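Below are the chains, spelled out letter by letter.
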Amino acid sequence: MSGGEQEPGSYYVGVDVGTGSVRAALVDQKGVLLAFAEQPITKWEPQFNHHEQSSEDIWAACCVVTKNLRETCWDKAGHFFDLPDFLSWKATGVTGRSLCSLVCKWTYSAEKGWDDSFWKMIGLEDFVADNYSKIGNQVLPPGASLGSGLTPEAARELGLPVGIAVAASLIDAHAGGLGVIGADVTGHGLICEGQPVTSRLAVICGTSSCHMGICKDPIFVPGVWGPYFSAMVPGFWLNEGGQSVTGKLIDHVVQGHAAFPEVQAKAAARCQSVYAYLNSHLDLIKKAQPVGFLTVDLHVWPDFHGNRSPLADLTLKGMVSGLTLSQDLDDLAILYLATVQAIAFGTRFIIETMEAAGHSISTLFLCGGLSKNPLFVQMHADITGMPVVLSQEAEAVLVGAAILGACASGDFASVQEAVTRMSKAGRVVFPRHEDKKYYDKKYRVFRKLVEHQKEYSAIMNGD
């Protein structure tokens, strides 16, 4: 950010190739010119009244002006922030960065700090100057108190007292993980009650899903981000699996179906959400069988936006096997169920990959918008074979953020102490072990789907 206020938005580069020079400008969405660069073009006059120019020279001039334009804008930047650190700076005026942001997003090492050679290798050696002042040379653990708290300006804008403590932040999913992973489960009959916290996997499931597992020693898991030291829970290494656009996928499948307007109208008539109505409709059509068995002939591979974990393959596409000509309400409900199951199978795939690398996981702790959907929760329990613990408070991400504030205020001596006092377990959902054989078969099909997709791709891209 530069010293002046700049609204976020898109910016455009205009390039003008004239007779004598190439000019370039950076222009915002309001048509305001923000930066300008110019480079002369060489002209030759081999004989009187004959003029020549070189297309290669013109292209080189274009390259020069755009580079100069970038440098002009680049030099104006005072700091480069990840969003959580930007918000902390706006609140306190402190340019210190959260260890969470830098370790997970900026290649910072909690043990070794910045790596000069990396920035030089990718052509951003400017970051090394002034002891990394533009990207952060004061790195703080999440929950550390920033400066003198809220500035007068921020306090006025937020409607809060001047000087109130502000904590070094966490990324949103990591705050959710902090809000649930340490919950007290005494009295719920869970195996994790007598196990270390490393036996727990926090799944933050909303528009996308993140799978947060911690360990005392670093574990490298193929296709899973990390390990990051102290990025979520102080003193523990974090591995972060993920599924792209899970909540968005469910919306996409449901809203794109021919029966969606009918479901929407019926749900509104009952003052229900579309998904509550679909869940009740599934209960209606399942008859005597478990609801999950409705998808015996319908299978979904959920990577409509590529696979983040554990395959780390952005080229993968979504797949559906078992479609018919039906477009009625039953068809929509069963396709919705198959999509939810596919996301849960993806979680099982991530867990198996993490366990193969050295993690030992026995219990899932879910939070986020999708955790409010009982079908989504039950399918995760049934398909993984693990109990699912929900937070006592529905908004566990906000609890995690508040834990940081409580630590920054000085009311607790450590993040761990604040977690112990403030993170509470709510409802526990146990798997239906009697359905294990069915879901094991479905999982085999699930894994076959991606194998087949890769085979199809190899055929189409072959000679």
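It should be emphasised that the depicted structure is a prediction, and the values quoted were computed from it without experimental measurement.

K.L.:
Give a description of a nonpolar patch on the surface that names residues and reports values.
P.N.:
There is a patch of nonpolar side chains on the surface, built from Val13, Val15 and Val17 and spanning about 230 Å² of accessible area. Relative to the elements of secondary structure, Val15 occurs in strand β1 (residues 11–17).

K.L.:
Break down the packing of aromatic side chains for me, citing the residues and quoting the values.
P.N.:
Under the defined criterion, the tally for this structure stands at 20 aromatic pairs. With centroids separated by 5.8 Å and ring planes inclined at 45°, the aromatic side chains of Phe86 and Trp89 adopt a geometry described as tilted. Remark: Trp89 and Phe86 occur in helix α2 (residues 83–92); sequence separation between them is 3 residues, near one turn of the helix. Take Phe86: its relative accessible area is 21%, and that puts it in the partly exposed class. On the basis of relative accessibility, which here comes to 21%, the residue Trp89 falls in the partly exposed class. Where Phe293 meets Tyr438, the ring centres are 4.1 Å apart and the plane angle is 25°; that geometry is what we call stacked. A residue pair is termed long-range when its members are at least 10 positions apart, and Phe293 in the loop between α10 (274–285) and β12 (299–301) and Tyr438 in helix α15 (residues 436–461) qualify at 145 residues. Through a chain of ring-to-ring contacts, the aromatic side chains of Phe80, Trp106, Tyr108, Trp114, Phe118, Trp119, Phe127 and Tyr132 assemble into a single cluster.

K.L.:
Quick one: what's the story with the packing of helix α11 (residues 329–357) against helix α12 (residues 374–384), residue by residue and with numbers?
P.N.:
Their axes nearest at 9 Å, the elements α11 and α12 cross at an angle of 45°. Classified by the angle their axes make, α11 and α12 are oblique. For α11 against α12, the interelement crossing comes out right-handed. Listed contacts from α12 to Tyr336, Leu337, Val340, Gln341, Ile343, Ala344, Phe345, Thr347, Arg348 and Ile351 of α11 are Leu375, Phe376, Met379, His380, Ile383 and Thr384. When its residues are assigned to classes, the contact of α11 with α12 shows 11 nonpolar, 4 polar and 1 charged.

K.L.:
An account of empty space enclosed by the protein is needed here, citing residue identities and associated values.
P.N.:
Taken as a whole, this structure holds 3 cavities of 30 Å³ or more when the rule is applied. For the largest cavity, the full set of lining residues is His299, Val300, Ala338, Gln341, Ala342, Phe345, Lys442 and Phe446. Elements with a contribution of two residues or more to the lining of the largest cavity: β12, α11 and α15. For the lining of the largest cavity, the element with the highest residue contribution is α11, accounting for 4 residues.

K.L.:
Describe the layout of surface pockets, with residues and values.
P.N.:
One number sums up the size of the largest pocket: a volume of about 620 Å³. Forming the boundary of the largest pocket are 23 residues, of which Ser88, Val166, Ala167, Ser169 and Ala401 lie nearest the centre. Mapped onto the lining of the largest pocket, the elements with two or more residues apiece are α2, α7 (172–181) and α13 (396–408). Split into classes, the residues belonging to the lining of the largest pocket amount to 18 nonpolar, 3 polar and 2 charged.

K.L.:
Please give an account of the confidence of the model for the protein that cites residues and values.
P.N.:
Here the protein averages 92 in pLDDT, and 98% of its residues register 70 or above. The low-confidence segment residues 1–6 (pLDDT under 50) makes 11 contacts with residues lying over four places distant or belonging to another chain.

K.L.:
Lay out the sheet that holds strand β3 (residues 33–40) with the relevant residues and their values.
P.N.:
Taken in spatial order, the 3 strands of this open sheet run β1-β2-β3, and their pairing is antiparallel. Single-partner strands in this sheet number two, and they are β1 and β3. The mean angle between the axes of side-by-side strands here comes to 15°, regardless of whether they run parallel or antiparallel. Relative to β3, strand β2 (residues 21–28) is paired through 7 bridges, and the arrangement is antiparallel. Bridge assignment links Leu26 to a residue of β3, and that residue is Ala35. Sheet contacts for helix α1 (residues 55–76): β1, β2 and β3; angle to β3, the most-contacted strand, approximately 145°.

K.L.:
Describe the nonpolar core, and please don't skip the residues or the numbers.
P.N.:
Counting residues in each nonpolar core, the largest one holds 64 residues, and the members touching the most others are Leu278, Leu282, Leu366 and Met379. Among the elements that make up this core, the one with the highest residue count is α11 (16 residues). Setting aside its immediate chain neighbours within four residues, Met379 contacts Val291, Gly292, Leu337, Val340, Gln341, Ala344 and Tyr439. In this structure, Trp119, Ala167, Cys210 and Ala408 belong to the second largest nonpolar core, which totals 54 residues.

K.L.:
Outline α13, supporting the account with residue identities and numerical values.
P.N.:
Relative to the 18 Å expected for 13 residues at 1.5 Å per residue, α13 spans 19 Å between its end C-alpha atoms, a close match to the ideal helical length. Buried within α13 we find Ala396, Val399, Gly400, Ile403, Leu404, Ala406, Cys407 and Ala408. Of the surrounding secondary structure, the elements contacted by the buried residues of α13 are α7, β14 (363–367), β15 (388–391) and α14 (415–422).

K.L.:
Talk me through the state of the cysteines; I want residue IDs and the actual numbers.
P.N.:
The final tally for this structure, using the stated rule, is 0 disulfides. No disulfide involves Cys205; its sulfur sits 6.7 Å from the nearest other cysteine sulfur, which is in Cys367.

K.L.:
Got a sec to walk through the side chain of Asp82? Specific residues and values, please.
P.N.:
As for its position among the elements, Asp82 is in the loop between α1 and α2. There is no salt bridge for the buried Asp82, and the closest opposite charge comes from Lys105, which lies 4.1 Å off by N-O distance. A distance of 3.2 Å separates polar atoms of two side chains, one belonging to Asp82 and the other to Trp106. Beyond its immediate chain neighbours, meaning those up to four positions away, Asp82 contacts Ser101, Lys105 and Trp106.

K.L.:
Give a detailed account of the sheet that holds strand β9 (residues 209–215), specifying residues and quantitative values.
P.N.:
Read from one edge to the other, the open sheet built from 7 strands follows the order β10-β11-β9-β8-β14-β15-β16, with strand pairing classed as mixed. The outermost strands of the open sheet, each flanked by one partner alone, are β10 (225–229) and β16 (425–429). Ignoring which end each strand starts from, the neighbouring axes of this sheet average 25° apart. Pairing geometry for strand β8 (residues 200–205) and β9, over 5 bridges, is antiparallel. Looking at the pairing, Ala202 lines up with Met212 of β9.

K.L.:
Run through the environment of Thr66, naming residues and quoting values.
P.N.:
Residue placement: Thr66 occurs in helix α1. Among the residues examined, Thr66 registers a relative accessible area of 34% and is labelled partly exposed. Remark: the alpha-carbon pair of Thr66 and Arg23, spanning 43 residues in sequence, is separated by 8.7 Å.

What counts and how
Residues numbered from 1 in each chain as written. Predicted model: local features only at pLDDT ≥ 70, side-chain atom pairs only at ≥ 80, totals over all residues. Heavy atoms only, no water. Patch = residues over 30% accessible without salt bridge, like charges linked within 9 Å, V, L, I, M, F, W, Y side chains within 5 Å. Areas by Shrake-Rupley, 256 points an atom, 1.4 Å probe, with all protein chains shown as cover. Salt bridge = Lys/Arg side-chain N within 4 Å of Asp/Glu carboxyl O. Helix = DSSP H or I, 4+ residues; strand = E, 2+ residues; numbered from the N terminus. Phe/Tyr/Trp six-rings, centres within 6.5 Å; stacked < 30°, edge-to-face > 60°. Buried < 20%, exposed > 50% of the residue type's maximum accessible area, 1.4 Å probe, protein only. Axes fitted to C-alpha atoms, helices over the stretch in contact; angles between N-to-C directions. Parallel < 35°, antiparallel > 145°, perpendicular 65-115°, else oblique. Left-handed = near helix turned anticlockwise from the far one by under 90°. Contact = heavy atoms within 4.5 Å. Nonpolar A, V, L, I, M, F, W, Y, C, P; charged D, E, K, R; others polar. 1 Å grid on protein atoms, 1.4 Å probe; cavity = no way out; pocket = protein on both sides within 12 Å on 5 of 7 lines; lining within 4 Å. Points joined across faces, edges and corners; volume = space filled by probe spheres on them. pLDDT = per-residue confidence, 0-100. Pairing = 2+ DSSP bridges. Core = buried A, V, L, I, M, F, W, Y, C linked by side-chain atoms within 4.5 Å. Expected span 1.5 Å × (residues − 1). Disulfide = S-S within 2.5 Å. Lys, Arg positive; Asp, Glu negative; His and termini not counted. Polar contact = N/O pair within 3.5 Å; in protein donor to acceptor, adjacent residues only side chain to side chain.

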